[in-house]
Amino acid sequence: MRHGIGEIWFGRSGSVYEGIQARIESITPRNVQVSYDRIVQVNGSQLAGEVMSKKRFREMFDRAQQLNLFG
């Protein structure tokens, strides 16, 4: 996984992170720590950021922002 601290990634369409911007705060060999541009509801918890596995991060976020031109 090649990315750097301070990069902004965007929540993938259809995920609970859709429309959210995540800023990478820290990277370890297994995890990524991110902060969000607003509070996110995940499994009943309100989060301003979190630590997640690199695999989950890749599944939930993308470097490119997905624009909806039709709605």
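Quick caveat: nothing in here was measured; it's all calculated off a predicted structure.

Caption draft 1: Here's a closer look at the packing of aromatic side chains. Using the criterion set out here, one finds 5 aromatic pairs in the structure. On the basis of an interplanar angle of 45° and a centroid distance of 4.9 Å, the ring pair of Tyr17 and Phe61 is categorised as tilted. Residue Tyr17 is located in the loop between β1 (8-11) and β2 (21-27), and its partner Phe61 is located in strand β5 (residues 61-62); the two are separated by 44 residues in the primary sequence. Considering the side-chain rings of Tyr36 and Phe61, the 6.2 Å spacing of their centres and the 15° angle between planes classify their relative orientation as stacked. In this pair, Tyr36 sits in strand β3 (residues 31-42) while Phe61 sits in strand β5, placing the two residues 25 residues apart along the sequence. Here Phe61 falls in the buried class, since its relative accessible area comes to 0%. Taken together, the ring pairs in this structure connect Trp9, Tyr17, Tyr36, Phe57 and Phe61 into an aromatic cluster.

Criteria and thresholds
Residues numbered from 1 in each chain as written. Predicted model: local features only at pLDDT ≥ 70, side-chain atom pairs only at ≥ 80, totals over all residues. Heavy atoms only, no water. Phe/Tyr/Trp six-rings, centres within 6.5 Å; stacked < 30°, edge-to-face > 60°. Helix = DSSP H or I, 4+ residues; strand = E, 2+ residues; numbered from the N terminus. Buried < 20%, exposed > 50% of the residue type's maximum accessible area, 1.4 Å probe, protein only.

These values are about where atoms sit, not about what they do.
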